[in-house]
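Report on the structure
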Amino acid sequence: MSLSYLLEQTLNGVTLGGLYALLALGYTLVYGILLMINFAHSELFMLGGYVGLGVLKLLSDPATVKATGLGFLEPIQAFFMSGTVGFVALLVATFGISAIVVGILGMVIERFAYRPLRHAPRLAPLISAIGVSIFLQNAVLLWIDSKQLPYTRADGSAFVTAQTAFTIGTVHVSTMQVFIVVTSLVLLALLDTFVSKTRIGRAMRATSQDGEAAGLMGVNINSVIALAFFIGPALGAVAGVFNGMYYGSVKFNMGFVPGIKSFTAAVIGGIGNLRGAMLGGFLLGIIESLASGFVSNAYRDVIAFVVLILVLIFRPGGLLGEAVAEKV
Amino acid sequence: MSNTVLSVENVHTFYGQIEALKGISLYVDSGEIVTLIGANGAGKSTTLNTISGLLSPKAGSIKLFDEVISGLPVHKVTAKGVVQVPEGRRIFPRMTVEENLNMGAFLRNKDAAGIKESMGRVFDLFPRLKERRTQKGGTLSGGEQQMLAMGRGIMAKPKLLMLDEPSMGLAPVVVETIFETIEKLNQEGTTILLVEQNAAMALSVAHRGYVLEVGSIALEGLGTELLHNEQVRKTYLGES
Ligand SMILES: Nc1ncnc2c1ncn2[C@@H]1O[C@H](COP(=O)(O)OP(=O)(O)OP(=O)(O)O)[C@@H](O)[C@H]1O
Ligand SMILES: [Mg+2]
């Protein structure tokens, strides 16, 4: 057991943690404002992976032109498949379109599946969320594919070569890992700044601390909720695309496990607390990786949930959560 | 433009099947302090919540100047200049004093200079808040929280300021400060609708008052009249 192995496992953990953190934010944002667990969030993550794959195929897989007969894609693909500029543009388009499409879908779900139940007993929107989750999984299962789809071109080549490895000292690092870690840190920093420094961000925080009082200040609560249902799923979609690129495939039920883990991460950090979700995500990712690297891969989930239980015993509100309940 | 800032006409408000307001009418003229007193559960908060748009009335109309505002959502009513300082203060516990005050000025986002001026005014009225400007709202004492809640209301530059039991649970000295501030604000031109349990204090600062009993207006009159009304003295001022 060498130091470089420890560092490698930690890096794997940070990478996984970045994905968890992005996904955990969606749970925590919605919970913070509506005190509701959006069970459909893991499916939005999954759809993010599918939309990303679709965009990649349209923009940089020649076989798609043949299969669809969309000849106008040819010059577009030529641009996206040439040189560094094309490659960066391809990444931006893939993540951007996936985030926007899934973000809008998140808002639509809120508008039609949750908002009508806003004043219903608390269980009602939860049940509705489970319904949306089942619906989305089955929609993909029926209309797209029941098998896993490779995150590659038709000829099997990867859109983004994930495993271009290099070594720092004796530690093996892949470009994909660096890409995931850096992007998620940048997105988390942007969200943190948005929420603490901007006027709309302050309105979001006010709404999560006391929605009625925020309304009395002139904040349009419905817009704030809609915004939370855009941002959360958009970040979840980014995680979904990463997940596809990193693990090499997407499947209709791929959201389940990361969804539960990220929800756990949000609870560990203190549900409703944004920085808590980020911290919980990275912590859980690192713990899981170290557990699978040094104990046994079979025990990674056990250890992750033991951590959850320990945190809840010693800090029931989560690591960064409030000690006292605020809602009376 | 008429001299009447707010007029509430025959308003009925329900919680499910329960009729909490059974046809209430009242008005507030420009420059007045009008108080609404009544026992627990009489419907005072319900009245304010209906005016501010947190609740919507089943029947009746509410007008700000000559414009109907009943049925508008709460943020639109606030935007028209009706600002409610809710019962129980309801400050944002994890925001600093300064951030709380800025939330009060949420809709004045194009008026940075004006916001600064208003904040200065709040700090003049409540020097305590200035000392604690970077402290989180949730860590303030009850009295300080009430000052913050009022300060937040002032930051909105209200055409009508509605205060729901600002003296609730406060020590006599602090109650004194709060009522002095209410009078000062009014002298500077703010029109105020004041809900209170502390009928003696409320009637002594108010120009006019209404007595609410289980969802209906039982009495109305000048502040001094009500203060000397035998029924009011018995029921609300604890005299036998
Ligand atoms: N959310 C609610 N659901 C059902 N009934 C309610 C609700 N809020 C208030 N009520 C009822 O409406 C009536 C009026 O309540 P309201 O809060 O307006 O009284 P209040 O005069 O403000 O009393 P207090 O002095 O105790 O604040 C009461 O009978 C109360 O039980
Ligand atoms: Mg009340």
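So, here is what we can say about the structure in this document. (Residues numbered from 1 in each chain as written. Chains lettered and ligands numbered in written order. Predicted model: local features only at pLDDT ≥ 70, side-chain atom pairs only at ≥ 80, totals over all residues. Heavy atoms only, no water.)

Some thoughts on the packing of helix 1 (residues 3-34) of chain A against helix 11 (residues 256-269) of chain A
Residue and element names in this part refer to chain A. Put simply, helix 1 and helix 11 touch, their axes get as near as 8 Å, and they point 70° apart. Here helix 11 runs roughly perpendicular to helix 1, going by the angle between their axes. On the side of helix 1, the interface is formed by Tyr20, Leu23, Ala24, Tyr27 and Thr28, while helix 11 contributes Pro258, Gly259, Lys261, Ser262, Phe263, Ala265 and Ala266. Within the contact of helix 1 with helix 11, the residues separate by chemical class into 8 nonpolar, 3 polar and 1 charged. (Axes fitted to C-alpha atoms, helices over the stretch in contact; angles between N-to-C directions. Helix = DSSP H or I, 4+ residues; strand = E, 2+ residues; numbered from the N terminus. Parallel < 35°, antiparallel > 145°, perpendicular 65-115°, else oblique. Contact = heavy atoms within 4.5 Å. Nonpolar A, V, L, I, M, F, W, Y, C, P; charged D, E, K, R; others polar.)

What to know about the site of ligand 1
All names here are of chain B. Around ligand 1, the surrounding shell holds 13 residues, and the nearest of these are Lys44, Ser45, Thr46, Glu87 and Gln197. Contacts to ligand 1 include Gly43, whose backbone N or O atom sits 2.9 Å from an oxygen atom. Within the side chain of Glu165, a nitrogen or oxygen atom sits 2.9 Å from an oxygen atom of ligand 1. Computed on the free molecule, ligand 1 has an accessible area of 630 Å², of which 60% lies beneath the protein chains in the complex. When residues in the shell around ligand 1 are grouped by element, the largest group, 3 residues, is from helix 1 (residues 44-52). (Near = heavy atom within 4 Å. Polar contact = N/O pair within 3.5 Å; in protein donor to acceptor, adjacent residues only side chain to side chain. Areas by Shrake-Rupley, 256 points an atom, 1.4 Å probe, with all protein chains shown as cover.)

Things to note about the coordination of the magnesium ion (ligand 2)
Within the first shell, the magnesium ion (ligand 2) binds the protein through Ser45 of chain B (OG) and Glu87 of chain B (OE), at distances of 1.9 to 2.2 Å. Linking Ser45 of chain B in helix 1 with Glu87 of chain B in the loop between strand 6 (82-85) and helix 3 (97-104), this pair joins segments that are 42 residues apart in sequence. (Donors = N, O, S within 2.8 Å, 3.2 Å for Na, K, Ca; no water.)

Observations regarding helix 12 (residues 274-295) of chain A
Compared with an ideal rise of 1.5 Å per residue, which puts 22 residues at 32 Å, helix 12 of chain A spans 31 Å between its outermost C-alpha atoms and is within 8% of the ideal. Near the N-terminus of helix 12 of chain A, the side chain that reaches the backbone nitrogen of Arg275 of chain A, with its oxygen 3.1 Å away, is that of Asn273 of chain A. (Expected span 1.5 Å × (residues − 1).)

Side note on the pairing of strand 6 of chain B
All names here are of chain B. Here strand 6 shows no split at all, with Val82 and Gln84 on one side and Val83 and Val85 on the other all buried. Relative to strand 7 (residues 160-164), strand 6 is paired through 4 bridges, and the arrangement is parallel. Across the sheet, the residue bridging to Val82 is Leu160, located in strand 7. (Buried < 20%, exposed > 50% of the residue type's maximum accessible area, 1.4 Å probe, protein only. Pairing = 2+ DSSP bridges.)

Details of the sheet that holds strand 4 (residues 59-64) of chain B
Read across the open sheet, the 4 strands follow the order 2-1-4-5 (chain B); overall the sheet is antiparallel. The sheet terminates laterally at strand 2 (18-29) and strand 5 (67-68) of chain B, the two strands that pair on one side only.

Let's talk about a nonpolar patch on the surface
All names here are of chain A. Taken together, Val295, Tyr299, Val302, Val306, Ile309, Leu310, Ile313 and Phe314 make up a surface patch of nonpolar side chains, about 810 Å² in accessible area. If one sorts the elements of the nonpolar patch by residue count, helix 13 (residues 300-314) sits on top with 6 residues. Inspection of the secondary structure assignment puts Phe314 in helix 13. (Patch = residues over 30% accessible without salt bridge, like charges linked within 9 Å, V, L, I, M, F, W, Y side chains within 5 Å. Salt bridge = Lys/Arg side-chain N within 4 Å of Asp/Glu carboxyl O.)

Thoughts on the interface of chain B and chain A
Facing 19 residues of chain B, the contacting portion of chain A comprises 20 residues. In this assembly, chain B packs against chain A so that about 2100 Å² is buried in total across both faces, 60% of it on carbon and sulfur atoms. On inspection of chain B and its partner chain A, the count reaches 3 salt bridges. A salt bridge links Arg90 of chain B to Asp210 of chain A; the nearest nitrogen and oxygen atoms lie 2.6 Å apart. For the interface between chain B and chain A, the tally reads 7 residue pairs in polar contact (both at pLDDT 80 or more). Elements represented by at least two residues in the side of chain B that touches chain A include exactly helix 2 (74-80) and helix 3 of chain B. (Buried area = accessible area lost by both parts, 1.4 Å probe.)

A look at the pattern of salt bridges
For the structure on display, the rule yields 17 salt bridges over all chains. A salt bridge links Glu288 of chain A to Lys261 of chain A; the nearest nitrogen and oxygen atoms lie 3.3 Å apart. Residue Glu288 of chain A is located in helix 12, and its partner Lys261 of chain A is located in helix 11; the two are separated by 27 residues in the primary sequence. Residue Arg108 of chain B is joined to Asp111 of chain B by a salt bridge in which the shortest nitrogen-to-oxygen separation is 3.3 Å. Put simply, Lys261, Glu288, Arg300 and Asp301 of chain A are held in one network by salt bridges that share partners.

As for the packing of helix 6 (residues 142-155) of chain B against helix 7 (residues 172-187) of chain B
Residue and element names in this part refer to chain B. Interaxial distance between helix 6 and helix 7 falls to 10 Å at its minimum, and their mutual angle equals 10°. The pairing of helix 6 with helix 7 is recorded here as roughly parallel in orientation. Between helix 6 and helix 7 the crossing geometry is right-handed. Taking contact as the criterion, the partners of Gly143, Gln146, Met147, Met150 and Ile154 in helix 6 are, on helix 7, Val174, Ile178, Thr181, Ile182 and Leu185. Its residues placed into classes, the contact of helix 6 with helix 7 shows 7 nonpolar, 3 polar and no charged. (Left-handed = near helix turned anticlockwise from the far one by under 90°.)

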